Amino acid sequence: QVQLVESGGGLVQPGGSLRLSCAASGSIFRFNTMGWYRQPPGKQRELVASIDSDGNTNYADSVKGRFTISRDITKNTVSLQLNSLKSEDTGVYYCKLEWGWRPKMEYWGQGTQVTVSS
C-alpha cells in the first residue's frame, strides 16, 4: 500500500514564500511522476507542477517563474517552493504520485492548506 504524507503550508502574506514537502512510502515503481495540484475555493482542482523520474518538469502558466518543483528519487520525496505568493495562489494543495498505463496507478496525499492574505 502506497501512502503520501505532506508537510508545510500555512498562512503567508502576499509576496511571501512557503515550501511544501511530500514523502511517499510503500511499493513504488521506480519510473514515476510526482506532482502538486491545487484547488482554490469554489474551483476545480488544477495541476500546479509535476516532475518525472528523468527530472522533466511541467508548470502551470500562472506559477511559472515563481514556483519550483524538485524531487529526491531515492527517498521518493517531492517539494514545491512557492515564491512571490499572490492571493490567487490560495487553496488546498495536493501531492500526487502516478506510474504506468493500463493499468495506471495514482495516489494522492491528504492535502494541505495554503492561504495568502494580508
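Here, the structure is the one placed above.
One structure accompanies this document, and this report is about it.

About the thresholds
- Residues numbered from 1 in each chain as written.
- Predicted model: local features only at pLDDT ≥ 70, side-chain atom pairs only at ≥ 80, totals over all residues.
- Heavy atoms only, no water.
- Disulfide = S-S within 2.5 Å.
- Helix = DSSP H or I, 4+ residues; strand = E, 2+ residues; numbered from the N terminus.
- Buried < 20%, exposed > 50% of the residue type's maximum accessible area, 1.4 Å probe, protein only.
- Lys, Arg positive; Asp, Glu negative; His and termini not counted.
- Salt bridge = Lys/Arg side-chain N within 4 Å of Asp/Glu carboxyl O.
- Polar contact = N/O pair within 3.5 Å; in protein donor to acceptor, adjacent residues only side chain to side chain.
- Contact = heavy atoms within 4.5 Å.
- Pairing = 2+ DSSP bridges.

## Focus: the state of the cysteines
Applying the stated rule across the entire model yields one disulfide. For C22, the disulfide goes to C95, at an S-S distance of 2.2 Å. Because the sign of the S-S torsion sets the handedness, a value of about -85° for the bond joining C22 and C95 places this disulfide among the left-handed ones. Placement of the pair is C22 in strand β3 (residues 18-25) and C95 in strand β9 (residues 91-99), with a sequence separation of 73 residues. Summarising the burial analysis for this pair, C22 and C95 share the class buried.

## Considering the side chain of D52
With respect to the secondary-structure elements, D52 resides in strand β5 (residues 46-52). One buried charged residue, D52, forms no salt bridge at all, with the nearest opposite charge on R71 at 6.2 Å. Among the polar contacts made by the side chain of D52, one reaches the main-chain amide nitrogen of N56 at a distance of 2.9 Å. For D52, the contacting residues outside a window of four places in its chain are N32, T33 and R71.

## As for the pattern of salt bridges
Evaluation of the coordinates by the stated rule reveals seven salt bridges. R38 is the salt-bridge partner of D89, the closest N and O atoms lying 2.9 Å from each other. Within this pair, whereas D89 is found in the loop between β8 (77-82) and β9, its partner R38 is found in strand β4 (residues 33-39), the two being separated by 51 residues in sequence. Just as D89 is buried, R38 falls in that class too. Between K104 and E106 there is a salt bridge, and its shortest N-O distance comes to 3.4 Å. Put simply, R38, E46, R66 and D89 are held in one network by salt bridges that share partners.

## A look at the side chain of R66
Within the secondary structure, R66 sits in the loop between β6 (57-59) and β7 (67-72). Looking at R66, its side chain comes within polar contact range of the main-chain oxygen of S62, at 2.8 Å. With sequence-adjacent residues up to four places away left out, R66 is seen in contact with Q81, L82, N83, S84, L85, K86 and D89.

## Here we look at the pairing of β4
Burial within β4 is extensive, with five of its seven residues counted as buried. For β4 and β5, the ladder comprises six bridges, and the chain directions are antiparallel. Note on β5: the bridge partner recorded for T33 is D52. Linking β4 to β5, which pair antiparallel, is a turn of six residues; within it G42 sits at a positive phi near 75°. Taken together, the seven bridges between β4 and β9 define a ladder with antiparallel strand orientation. Its bridge partner lying in β9, W36 is registered against C95.

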